[in-house]
Protein chains: 2
Amino acid sequence: QTTTPSDLESNADHPKLMLTSKSVDDIKSALGSVPLFDKSLERAKQEVDAAMAEGIQVPIPKDMAGGYTHTQHKKNYAALQKAGALFQITGDTKYAAFTRDVLLAYAKMYKSLPRHPQERSYARGKIFWQCLNDANWLVYMSQAYDGIRGWITEEERQTLDNELFRPFADFLSIETPQFFNRVHNHSTWGTVAVGMIGLVMNDDELVDRALFGIKDDGIDSAALDNDGGTIKKEGQKSGFLANLDEPFSPDGYYTEGPYYQRYAMYPFLAFAQALETKKPELKIFEYNGGVLIKAVDALLNLTDADGEFFPLNDGQKGMSYQTASLVSAVDIAYYYGNQDPRLLSVALQQDNVQLDATGLAVAQGIHQGKAQPFIKESMLLRDGAKGDEGGVAILRANYEGGTMALVMKNAAHGLSHGHFDKLSYSLYEDGEEVLQDYGLARFVNVEQKNGGGYLKENTSWAKQTIAHNTIVQDETSHYKGIFKESSKHHPEVTTFETSDPNIQVVSAVEANAYPGTEFTRTMMMVTLDHHKKPLLIDILNVTSDSNHKYDLPLYYKGQVVATNLDLNTPPQLSPLGTKAGYQHIWKEATGIPSTENTQFTWLDNKKFYSATVLTEGKDQFILGRVGASDPEFNLRRDPMLIHRRNNMKNGLFVQVIESHGTYNPVTEKAENAYAAIQNIKSLASPQGYTALELTLQNKDRYAVIVVDSAFAKAQHKLELSNSTYTWKGTYYFKQLKN
Amino acid sequence: QTTTPSDLESNADHPKLMLTSKSVDDIKSALGSVPLFDKSLERAKQEVDAAMAEGIQVPIPKDMAGGYTHTQHKKNYAALQKAGALFQITGDTKYAAFTRDVLLAYAKMYKSLPRHPQERSYARGKIFWQCLNDANWLVYMSQAYDGIRGWITEEERQTLDNELFRPFADFLSIETPQFFNRVHNHSTWGTVAVGMIGLVMNDDELVDRALFGIKDDGIDSAALDNDGGTIKKEGQKSGFLANLDEPFSPDGYYTEGPYYQRYAMYPFLAFAQALETKKPELKIFEYNGGVLIKAVDALLNLTDADGEFFPLNDGQKGMSYQTASLVSAVDIAYYYGNQDPRLLSVALQQDNVQLDATGLAVAQGIHQGKAQPFIKESMLLRDGAKGDEGGVAILRANYEGGTMALVMKNAAHGLSHGHFDKLSYSLYEDGEEVLQDYGLARFVNVEQKNGGGYLKENTSWAKQTIAHNTIVQDETSHYKGIFKESSKHHPEVTTFETSDPNIQVVSAVEANAYPGTEFTRTMMMVTLDHHKKPLLIDILNVTSDSNHKYDLPLYYKGQVVATNLDLNTPPQLSPLGTKAGYQHIWKEATGIPSTENTQFTWLDNKKFYSATVLTEGKDQFILGRVGASDPEFNLRRDPMLIHRRNNMKNGLFVQVIESHGTYNPVTEKAENAYAAIQNIKSLASPQGYTALELTLQNKDRYAVIVVDSAFAKAQHKLELSNSTYTWKGTYYFKQLKN
Ligand SMILES: [Ca+2]
Ligand SMILES: [Ca+2]
Ligand SMILES: [Ca+2]
Ligand SMILES: [Mg+2]
Ligand SMILES: [Mg+2]
Ligand SMILES: [Mg+2]
Ligand SMILES: [Mg+2]
């Protein structure tokens, strides 16, 4: 059962990635007195014990995601990462022996393995169909190896170093530069994998390769990955530090969006933790303005009230900060940041900590009663390495018993996982979507659905503009749906004002999506006296050098309750169009406005919602549903309401969205089933100004004025309908006297 | 503030409906020592105080359900019912004075009130658009009046007796016999209202009228109500006791289904409680085999794991035993039944008790720790006054961590709220629908949706056979959708065997839905060794004197994951048919079976489900979706899979349904995403027997044999594929040796 440490020097050198001999000592002396740590340790033991009970299974790689070999190799690295830590913390050699034996089984197989038989990746792995998963494997297995490298024999160490890990690192880097040498989440995993195993083996060459990339990689600048993303721009830096410079903005926003950020955070932080131990001179947690800690805060804020990430760009809904990589992120941010007590309440919800000094600190903080609620506030997360490429705006209203959140994507394209959705937004009430972003078209790890990979409808539908709550010109996506074009530009956020929680405003301008046309969209989240929940006022100005057709969809959910539209339902359903996502929409009805205000009320999650829309003479509405041109039933049959205007040069789209009532199926009471807004009126106003009057059902009236960014000045004065308005700043909102 | 009791005799006589002077004393002395009672009292005070703060509002009746006057009059009776009890229990005269003042306001208005201006009811009320709501009003107001009648002045008493309550009782009965003199939930409310106010006013004539109905009502036997239900059959008895005889079966099943039973239970039980006090010689709780207490038990069992009622017939989903009428039902059943401790755990979930002796007993039982879990078991609830009109079968599997429930409607039509759905079923996992019954097409109390009333799609869609998980011949509903025909017949339940929880079986025969054709459907809920969750085996035998086309729908929910069908999706969607509900289905795809077993896997609520269906040469499948011919968007866009067979005389439909896996969007793990069943084979067998062989993915094989009811005998012996099978009873299920 026991094996004598074979090499004292090597033993003293380990562990060093997540654990150190000092943190191991600290943990050992705290065991039994810090409940959340003890619980997390116990859970890890159960997991690893269960894996050990199934025996050593290292099959020849064969399957796609969801299949047996894929799943087993994932299970192996998940179990061994924990086994390495368990050996260090408990001293039980069964964990070390199991880790050694599994790794030796990999070593036996590895060198003779060809690339994976599944050929669909631009960078095929050996253990998995894509190098990305191989890199995941190496990141976790580096930690497993770190746990036992001081305990195994010199001969075993030579075998694992030379037959498994060094070839593995070379394979992921110099043998697959198109994977390793990018600025992309793939390369983050790749560089971290190589760097971590380099640290474990004291191999400085590997660590340098990880930090700074490969000099001459021979990558063709025209090459693309499976998502159609550019592999590498001319002259671009590579390596871990370049990956830390570029995709994060100064506010910690990761340009691919929170779903990919959540995935990328783990390697960033795990490697940073190891570097902080082994290369403290890098001051990695202060790097680039302390961006790593800021990124954790940004990520926690990019969630709904349940902690589920906003599905900006390619994001699978339901992913949340309960995920394991966020447990690490929260623990590391707490420990290496400034012990923000709000992080402790997130850790409490996660009900789990890392098995290292950071997890111990968090569990101790909680045990000492230091946790503070993590109340999410409004914020602008600027995009771009310099923070000058637009940004994601979040407006939140926290009222008694609930919260509403608007997330508006005024950011850069988002690399290969970006969507063509400039100025689009989603709206949440508590943990539920009110106006949704479709998310991605993929069933991650569901083998039956294209091996768990992206479905073709991700490109033909989910990425297209019409799949989003934003404006489409001439049935064509922004930037014609061309990734390269969209990547060259970004909107400008011209106003972001949230200091008055009752009147919060964001404005952004998109001038490049359709050459010759400019969109200015202002969204106001306004809480009135007698309404606890806010109104959302959406004002979209279009100016163009020519006439075009426009569509503005509203992705509501649930059932239609009422509308004053004159509805016409066709006897047969046809797709709304032929391209740019329109081929995926069934046209269920057309609606002609009956007055200058169209109202549309729906019931979802036992709540009544309404949109009140300012309409013009020849406006049309379309009640559509996703699902046309979908031979494999890959798409959800979600509904939408499209506001269509033909042949417009310059013009205005205005809508007010409200959550106004509730339905209780037990008492069968419908409370406030009618919209509070009765009327929106557009007031004649000078160039540069958009002026509206809102009238509520209770006859209260409000004036809303927004100023075009080109007409910004310190002080504004306007005569409208016999009243004089004066104000400072880019917008005006005030109740009118009756 | 205080008023001297004006009439001692009358004072001593009150209260007498829900409270008595003795129970008031008991309650007073228990106050402060029984937490759930105190909490319920406190909640009632808050409700009534809030209503009093809004002042006396007795508007002239005008609106439909959901509108102001309708809602206000409902609020009034809800508040006053509690105010009467609060006055008795607390002695605070503010409650008595408010009750008196509101009632006097009604008295001032009542006699000159015409029938309600909304004309759509077959029995228009005065306060509300239909007498049903007026009867609700009188039931609750009788209790309110009972609380204060001993406290007000003789003059006030004369005013209320003669200007309000006696005219109100006459209006509901002799002036509206088509409402009062039926066997129908409307008449239950009507008779109870008249009986209760009769008891309050010591008016024996009213009490007799309530108990035994009106002799010569002059009702035309051809008359119909708004739902198309017959008002009264020739020679039918009427009055409260007739309503207690007829709709309840000896098992306590109410033929209209649980949604209406829940609504009817309150007047039944409230009046029974009053009768038990004032007319103990009736022994009302022993009446008809103690059916009232049995009915409460039946109702609690007709729910999913959340306590939500199965939406048999016209039932609005989401209604549950949390509803106020079930609080009363549970309390009364506990007190007047045999103090079943399982009822206490339901009361705990309700978190509320009645403010009377029954509620006090329940709260005390809970406080004394007597509550036992209410574990729902399999049961057959026979239908019909004599229990010989088929029945609703419930099969349940309670396994570690969950429960599955099958509810199969082999019952009588269900009066005017019945659906044409013989042998149909729904399947639940925990609190969620797996295979749904559509329920009703109505948004109760949502004014915008047809004033909260039934939508026309309730008749054209929700009641039709194709809207259910049962078989349709020649695109025509059972009994051609004719209520009168369907009401003449009922299926026979030929097997109901649940003594082995691992092999539970129900069989039923329907021989009249299509003359010349007989259906025998057997559903088995089978738990195999290595599968905690049960398989559902559905075997449907058709014998006919001629060739017909058949459709068997499967109302799954969620997203399609995989199928081995050869799918063909049309470029345009058309309705599946022109009548009998088919006009409401969009044909999204057709599927041709690729082998003798069709598999269809879907993902819903993070779980993987599959149907494996035995198919024949020319079988077809249709992937459909509800929503065609729906100009007002009244229907949910729910999907279904229809198994279609053309031109069949005699034949067999077999499918196996499983809940086999889970998807976790946080870990992104898909566990057991594939069906456990690999193959269903039909074995050649002699007349009267249906024999199948099931093969699992793990190669285990099972024999399933069912015996036609016409071939029932004590002992069966069969040679099949070189094996001999002997068994007793109507079915055989056993693992085969490999
Ligand atoms: Ca998007
Ligand atoms: Ca998205
Ligand atoms: Ca039904
Ligand atoms: Mg959520
Ligand atoms: Mg999107
Ligand atoms: Mg439920
Ligand atoms: Mg139904």
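See the structure printed just above.
Let us look at the structure shown here. Remember, predicted model here, so these are calculated numbers, not experimental data.

1. Some thoughts on the interface of chain A and chain B
By convention, interface size is frequently given as the accessible area that disappears when the constituent parts associate.
Argument step 1. Listed per partner, the contact involves 50 residues of chain A and 50 residues of chain B.
Argument step 2. Taking both sides of the interface into account, the surface hidden between chain A and chain B amounts to around 4100 Å²; carbon and sulfur atoms contribute 55%.
Argument step 3. Broken down residue by residue, the surface that chain A buries against chain B is led by A:Gln448, A:Phe633 and A:Glu668, which jointly contribute 18%.
Argument step 4. At the junction of chain A and chain B, the tally comes to two salt bridges.
Argument step 5. B:Glu588 serves as the salt-bridge partner of A:Arg637, at 3.6 Å between the closest nitrogen and oxygen.
Argument step 6. Linking chain A to chain B there are 17 residue pairs in polar contact (both at pLDDT 80 or more).
Argument step 7. The set of elements that each furnish at least two residues to the side of chain A that touches chain B consists of helix H12 (258-278), strand S12 (559-563), strand S14 (585-592), strand S15 (597-604) and strand S17 (620-626) of chain A.
Argument step 8. Among the elements that line the side of chain A that touches chain B, the one with the most residues is S12(A), at four residues.

2. Examining the coordination of the magnesium ion (ligand 6)
Residues and elements named next belong to chain B.
Argument step 1. Distances from the magnesium ion (ligand 6) to its protein donors, Asp304 (OD), Asp306 (OD), Glu308 (OE) and Gly431 (O), fall within 2.0 to 2.6 Å.
Argument step 2. On the primary sequence, the residues serving as donors to the magnesium ion (ligand 6) are separated as D-x1-D-x1-E-x122-G.
Argument step 3. Among the residues examined, aspartate 304 registers a relative accessible area of 2% and is labelled buried.
Argument step 4. The exposure class of aspartate 306 is partly exposed, given its relative accessible area of 39%.

3. A few points about the coordination of the calcium ion (ligand 1)
Residue and element names in this part refer to chain A.
Argument step 1. Surrounding the calcium ion (ligand 1) are the protein donor atoms Asp421 (OD), Asp437 (OD) and His468 (NE2), which sit 2.2 to 2.7 Å from the metal.
Argument step 2. Counting along the primary sequence, the residues that act as donors to the calcium ion (ligand 1) give the motif D-x15-D-x30-H.
Argument step 3. In this structure, the calcium ion (ligand 1) lies 2.8 Å away from the calcium ion (ligand 2), the two metals sharing aspartate 437 as a donor. With aspartate 421 in the loop between strand S3 (402-411) and strand S4 (424-429) and histidine 468 in the loop between helix H17 (456-462) and strand S6 (472-473), this pair connects stretches of sequence that are 47 residues apart.

4. Details of a negative patch on the surface
Argument step 1. Negative charge collects at one region of the surface, where A:Glu246, A:Asp388, A:Glu389 and A:Glu492 lie side by side.
Argument step 2. When you line up the elements, A:Glu492 lands in strand S7 (residues 492-497).

5. Let's talk about the packing of aromatic side chains
Argument step 1. Applying the stated criterion to the full structure yields 66 aromatic pairs over all chains.
Argument step 2. For the pair B:Tyr514 and B:Phe519, a centre-to-centre distance of 5.9 Å together with 85 degrees between the ring planes defines the contact as edge-to-face.
Argument step 3. Counting every residue linked through ring pairs, the aromatic cluster contains A:Tyr77, A:Phe128, A:Tyr140, A:Trp189, A:Tyr263 and A:Tyr266.
Argument step 4. Taking the ring centre of A:Phe653 as reference, the NZ or CZ of A:Arg645 above it sits at 4.3 Å.
Argument step 5. When the ring centre of B:Tyr438 is taken as reference, the NZ or CZ atom of B:Arg636 above it lies at 4.0 Å.

6. Comments concerning the pairing of strand S24 (residues 715-720) of chain A
All names here are of chain A.
Argument step 1. Alternating positions in S24 separate cleanly, His716, Leu718 and Leu720 being buried on one face and Gln715, Lys717 and Glu719 remaining unburied on the opposite face.
Argument step 2. As judged from the six bridges shared by S24 and strand S25 (residues 723-728), these two strands associate in the antiparallel manner. Looking across to S25, one finds that leucine 718 is bridged to tyrosine 725.
Argument step 3. Two successive antiparallel strands, S24 and S25, enclose a turn made up of two residues, where serine 721 displays a positive phi of approximately 40 degrees.

Here is what the cut-offs are and how they apply
Residues numbered from 1 in each chain as written. Chains lettered and ligands numbered in written order. Predicted model: local features only at pLDDT ≥ 70, side-chain atom pairs only at ≥ 80, totals over all residues. Heavy atoms only, no water. Contact = heavy atoms within 4.5 Å. Buried area = accessible area lost by both parts, 1.4 Å probe. Salt bridge = Lys/Arg side-chain N within 4 Å of Asp/Glu carboxyl O. Polar contact = N/O pair within 3.5 Å; in protein donor to acceptor, adjacent residues only side chain to side chain. Helix = DSSP H or I, 4+ residues; strand = E, 2+ residues; numbered from the N terminus. Donors = N, O, S within 2.8 Å, 3.2 Å for Na, K, Ca; no water. Buried < 20%, exposed > 50% of the residue type's maximum accessible area, 1.4 Å probe, protein only. Patch = residues over 30% accessible without salt bridge, like charges linked within 9 Å, V, L, I, M, F, W, Y side chains within 5 Å. Areas by Shrake-Rupley, 256 points an atom, 1.4 Å probe, with all protein chains shown as cover. Lys, Arg positive; Asp, Glu negative; His and termini not counted. Charge placed at Lys NZ, Arg CZ, Asp CG, Glu CD. Phe/Tyr/Trp six-rings, centres within 6.5 Å; stacked < 30°, edge-to-face > 60°. Lys NZ or Arg CZ within 6 Å of the ring centre and 35° of its normal. Pairing = 2+ DSSP bridges.

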